Structure formats: C-alpha cells, structure tokens
Amino acid sequence: MQHWSNVLSPYWRGSLYYAVFWALVAIFAPFINLHWQGIGVTSQQLGWLSAVGPLMAMLLAPVISKLADLRSAHREFLAAALFGTGAAIFGLGFAKDFLGVLIGSIALGIAACAFGPLADGLIARMASRRRLEFGRMRLWGSVSFAVLSLAFGWLWSNLGYGSMLFLTGALMMLMTPFALLLEADRSDLETPSEARGLTRPPKIWNAGLYVLLGVNLLIGFALGFVGPFLGLRMKDLGGGALEVGALYAISALSEFPAMRFERRIAARIGDAGVLIVSSAMFAISYLGYALAPNAGVMLGFAVVQGTAFGLFFVASVRTIDAKAGALLGTMQSWRNALAFGIAPLIAGPVSGWVAQSSASAWVFTVASGFGLLAALLMWLSKSTLEPAER
C-alpha cells in the first residue's frame, strides 16, 4: 500500500476508494430486499430489518468515531470496519429465514456502523487540505455504482440471488487495504490535552450547525421511509431485477453532474441554497414515485432523486467538515447518526407498517412531505448557516 500511496495522487486515492466501495455495494444493495422477500420475509419484517443498521449507527458509530479521533487512527478503524462488514455480508448468505436474516443484519450493523463517517471525514479533510473538490472524488462512487447495479441487475435476473452475498462479502474483505491508501489526519490534534478535550462540548456548536443537522435528520426520515421499498415499488409497477438495477443506475449516474458541479452551484446560490434546492428535489422525486403509473415513469423520476442526493450529500459533508476542526470523525458521525441512524430507526418500522396496511405508494407520499419540511426549515433558517470556506 505504501508504494501505491506514493504513486497515486490524493485525488485518485479518494476517488479509487469510493469507486471500489460503491461498486461492491451495487452488487447486492439494490436487490437485497427482493432476495429477502423471496425467502418469505414480509413487508413489515423488512421495515424492522431496515431499523437494525440505523440503531447501530446511532448507538455505536459516535463512540467508534470518537475513539478514532482520540487515537488519530481513522484509517485503521476504517480498515477493521471494512473487513468486519465483508465477513458479516458473507455470513448473511447462509440465512434462510427471518431469524437468520435478523441475526446477520445485527452483525452487519455493528461492523458497518462507522465506516461511512470515517471514510467521508478522511476524504473530505484530505480534499480540504489539498484544495481539491470533495464532490469530484465522491462522484466516482456514483459512476461505479451505476454501472455495476445495471450489470448485476441483468446477472441476478438470469442466475438468481444465491451467490450474491457470498460474492459481495468476499470482495469487501479483500477491499480492506484500500483504507490505508487514504491520508492519515493528525494535523489538527496539536496537543494531547486538546485530544482529551473531545469529551467536553466543542466550541463549534452554533445555530447554523443545529439547523444543518436538523435538515439532515428530516432528509434521513425521507430516505428511511423509501429505502426498503424502492425495489418493491418498482416490482409493484411491473418491473423486475433488471428494472430495479436500472433504477439505481439512473439515480447514481444523475449524481455525477450534481457532485461534479456542487461547488460551482454553491458559489452562486450559497450552501443554504444548495440544501434548499436538493431537499425540494427529494420531495418532487418521491411524489413522482408515489404517482407513477408504470415502471418507465418511475425511472424518469430517478434522475431527480439522483441529482438531489448528489447535491445534498456533498453540501452537507463539506459544510460540516468546514466546522469540525479536530473532530472530523465525531462530527461526521453525528451527521450519519441523525440521517442514517435515528431517522431510519423510526422511519423503517413505520414505513413497513404503512406498506403492509395500505400500499407502497403512501410510503413515498410521506417521504415527500419530509423533503418539503427540510426545504422549509433550511429556507426559514438560512441566515443562521454560516457559509463554508471555499
């Protein structure tokens, strides 16, 4: 890895990490609930399963990220998380009923809870230090996800899902060394006493940060509602594994220009403006999913969803990193715990109940409402969000 660290520029190290990681996610994530449904897991049970990962993100991710900050060992913690995640996914391949899926999902939630904030924190900080655009590195993950989700949608539609989790788990464990390609961040921990000060409330908290985290929480509710049911909604509209793969591919490809030009857009309308526009676009896309009469129309609204995610994700990670100081892992972990922990922990079971008792279209209608609330909160409070350094 040291040889490759010397050969690859910081830009390509971050880009390569995202490209490989999201390529592996594309092999199984778009199709996993179709697989679980095939072995008898109900919509209500899918809702409960979708809460397992967020629970671990809420309870464990801040603790693990804080330990990584204290020890300036972000890369090492990330490598361990990647290996553990691969092992857990491989083990899920043996699940044959809801109990087995639940046990495997708990193991996966524990292993995977912190690699998101750790990787995003390391790469965003590397981008800031090297005067690179974070979005331009993250977009390679969207490209690889798009290509692989479409390819494996075709493959699983012909072969079935039997080998999906074994393949993903083995490749994820082999990805562990990629974490060591990233730059370690120790520059902000000037003294041991400053590191120990992480146990005290940091000075960075202000109204703007609270609003930013609140908007992430609301978008997290929207994502938590729709996450378990995107593939199932496509199936309800007459699509199969190939169409599900195409849905995720189109959404991911639409992230590419959004992430590429997010900084330029923010330079024109401000960070708050980017968050307002992207939140409103989430609302439009989810309402479109709810009202779509067929699979083709749903694929069209995937463009809106992908653009919304690309803008929102880059803007939120970048603005929080600009405020985080030495707490790069901790603050990204708080963002992650709210958007992908607390919110889907509540939204998952509720959306499962809604889908079971009425229809999947109502799940997307409620999610659209959360997108509108996020846009409204950001619009009313935009003066509190200090512009991030550019």
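Residues numbered from 1 in each chain as written. Predicted model: local features only at pLDDT ≥ 70, side-chain atom pairs only at ≥ 80, totals over all residues. Heavy atoms only, no water.

**Some thoughts on the overall build of the chain**
Then step 1. Counting secondary structure elements, the chain contains 17 helices and zero strands.
Then step 2. In the chain, which comprises 390 residues, the share counted as buried stands at 57%.
Then step 3. Within the chain, contacts between residues separated by at least 24 positions form 87% of all contacts whose residues are at least 6 apart in sequence. (Helix = DSSP H or I, 4+ residues; strand = E, 2+ residues; numbered from the N terminus. Buried < 20%, exposed > 50% of the residue type's maximum accessible area, 1.4 Å probe, protein only. Contact = heavy atoms within 4.5 Å.)

**A few points about the packing of aromatic side chains**
Then step 1. Here the structure, examined in full by the defined rule, presents 21 aromatic pairs.
Then step 2. Measuring from centroid to centroid gives 5.2 Å for F21 and W22, while their planes differ by 85°, and the two rings are edge-to-face.
Then step 3. For the ring pair F309 and F313, a centre distance of 5.6 Å and an interplane angle of 15° mean the geometry is stacked. Placement of the pair is F309 and F313 together in helix α15 (residues 295-324), with a separation of four residues, close to one helical turn. For the residue pair F309 and F313, the accessibility class agrees, reading buried in each case.
Then step 4. Members of the aromatic cluster, connected to one another through ring pairs, are Y17, Y18, F21, W22, F134, F145, Y248, F309 and F313.
Then step 5. The ring centre of Y18 lies 5.6 Å from the NZ or CZ of R138, which sits over that ring.
Then step 6. The ring of F313 carries the charged tip of R138 above its face, separated from the ring centre by 5.1 Å. (Phe/Tyr/Trp six-rings, centres within 6.5 Å; stacked < 30°, edge-to-face > 60°. Lys NZ or Arg CZ within 6 Å of the ring centre and 35° of its normal.)

**Structural notes on the environment of L230**
Then step 1. Within the secondary structure, L230 sits in helix α13 (residues 230-236).
Then step 2. With a relative accessible area of 7%, L230 lands in the buried category.
Then step 3. Residues L230 and S360, 130 residues apart in the sequence, show an inter-C-alpha distance of 9.1 Å.
Then step 4. Beyond its immediate sequence surroundings of up to four residues, L230 is in contact with L247, Y248, Y289, M298, Q305 and F364.

**Some words on the nonpolar core**
In a soluble, globular protein the nonpolar side chains are often hidden away together inside.
Then step 1. Y17, W36, L78, F134, Y286 and F364 are the most contacted members of the largest nonpolar core, which totals 116 residues.
Then step 2. For this core, the element with the highest residue contribution is helix α14 (residues 241-291), accounting for 19 residues.
Then step 3. Among residues more than four places away in sequence, those in contact with W36 are V41, L46, L49, L92, V101 and L165. (Core = buried A, V, L, I, M, F, W, Y, C linked by side-chain atoms within 4.5 Å.)

**Let's talk about the environment of I265**
Then step 1. Of note, I265 is situated in helix α14.
Then step 2. Taking C-alpha positions, I265 is 9.1 Å from L311, a pair spaced 46 residues apart along the chain.
Then step 3. If we ignore the near neighbours within four places in the chain, the residues touching I265 are G270, V274 and L311.

**Quick word on the side chain of S142**
Then step 1. Mapped onto the elements of the fold, S142 is located in helix α9 (residues 134-159).
Then step 2. Taking the relative accessible area as the measure of exposure, S142 reaches 2% and is therefore buried.
Then step 3. One polar contact links S142 to E255, side chain to side chain, over a distance of 2.4 Å.
Then step 4. Not counting the four nearest positions on each side in its chain, S142 is found in contact with A252, L253, E255 and M259. (Polar contact = N/O pair within 3.5 Å; in protein donor to acceptor, adjacent residues only side chain to side chain.)

Without other data, these values stay purely geometric and don't point to any function.
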